[in-house]
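Listed below, chain by chain, are the residues.
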Amino acid sequence: TTQSRPMMEKPSFAHVLSGEGVVAFPTETVYGLGADACSDKAVSSVFKLKGRPSDNPLIVHVATVAAVSGLSGSEPSAEAHKLMDAFWPGPLAIILPLQPTSPLSKFVTAGLTTAAFRMPSHPVALSLLREAAALGVHGVAAPSANKSGRPSPTSAAHVADDFSGEDVRIIPTDIACEVGLESTVLDLSRSPPCILRHGAVTASAIRDRTGIEVDSSGGKAEGDRPKAPGMKYRHYAPKAKVVLCEEWSQLPAEARAEAARVRVLAFEGTGSGHGFGPDSVLSLGGNVREGSQRLFEHLRTCDQVGATVILVDVGPVKEAGEEGLAMLD
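Just so it is clear, the model here is predicted, and its values are computed rather than measured.

The rules behind each value
Residues numbered from 1 in each chain as written. Predicted model: local features only at pLDDT ≥ 70, side-chain atom pairs only at ≥ 80, totals over all residues. Heavy atoms only, no water. Helix = DSSP H or I, 4+ residues; strand = E, 2+ residues; numbered from the N terminus. Buried < 20%, exposed > 50% of the residue type's maximum accessible area, 1.4 Å probe, protein only. Pairing = 2+ DSSP bridges. Axes fitted to C-alpha atoms, helices over the stretch in contact; angles between N-to-C directions.

1. Some thoughts on unusual backbone geometry
Here is step 1 of the chain: With an omega dihedral of -10 degrees, the bond running from Trp88 to Pro89 counts as a cis peptide bond.
Here is step 2 of the chain: The omega torsion of the bond from Ser191 to Pro192 falls at -5 degrees, within 30 degrees of zero and hence cis.
Here is step 3 of the chain: Along the chain, Pro192 falls in the loop between strand E8 (184-187) and strand E9 (194-197).
Here is step 4 of the chain: Backbone geometry places Glu20, a non-glycine residue, at a positive phi of 65 degrees.
Here is step 5 of the chain: Position of Glu20 relative to the elements: it lies in the loop between helix H1 (13-18) and strand E1 (23-26).
Here is step 6 of the chain: Here Glu20 falls in the partly exposed class, since its relative accessible area comes to 33%.
Here is step 7 of the chain: In this structure, Ala110 takes a positive phi of about 55 degrees despite not being glycine.

Listed below in structure tokens is the structure:
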């Protein structure tokens, strides 16, 4: 008699990373498309899958502060440690200078002498990073897990929509991406430190918790090269035209001419759809935090229903001051 051969088990997600594969995993911000940050082969796969320009650097995700020293080639500054102590794990990426001994892939840095590091707080992400580190992968380079230019994904279903049939392992979870927007990127390689991308961690929060004063003007790319994601290329955008609305009595002509294909993203209690029917309105909740959580999902819904114009209620966002900057970006 012949014995039936046991079914081959799929390798764990951490083993996929150690084998130079690509894994989509949830963080507290959005889903990331991860690969071994020290493998040219693995990181180049991420760029190819996303259709990402090669001069757009990636954020390196770590499970421990100690991993940053090994990946950057030197001990981070006292200022960096103060920020890590205050905000890690969490939605703050810190750009640090690299030594020539850094093992990071040249594709991660996009040819720069700096790299951004972050320790996510989502339990699934931290578990994956710890398991990967035990297999020798001490840093996972991960942009958002969407095709370049598309809205970022906040669920496994969003990732599957963008990468159906492609060689990406997706980690499902019931634990939400609670922030819903990308992380704050803080450039610590310049003085004063500068926020290059706005996120949930604001300049005021940094000052209040660490005493560090930062420039929140947004910075500039070095020459033609961006130092952080989101600085140079059109990003996080749906197919429809997006119109930011404060004065609802002066809507663009196409919004009225194609009313059946308009969707309105509105905060609760700010006008009940501003003259559009309930089927056209997607709620951003009652405040900017809820709006941030829902924004990318709503933009994807608008694409799915074939909307041609998306009207976004930004009055409450602007009133929120710096807390609304990430959503405006």
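Once the structure has been displayed, the description carries forward.
2. Thoughts on the sheet that holds strand E10 (residues 241-245)
Here is step 1 of the chain: The strand order across the open sheet built from 4 strands is E10-E13-E11-E12, with neighbouring strands paired in parallel fashion. Every other strand in the sheet has two partners, leaving E10 and strand E12 (281-283) as the edge strands with one partner each. Between one strand axis and the next, the sheet turns by 20 degrees as a mean value, whatever way the strands run.
Here is step 2 of the chain: Bridge count for strand E11 (residues 262-266) against strand E13 (residues 309-313) is 4 bridges, and the pairing is parallel. When the bridges of E13 are listed, Val262 appears paired with Val309.

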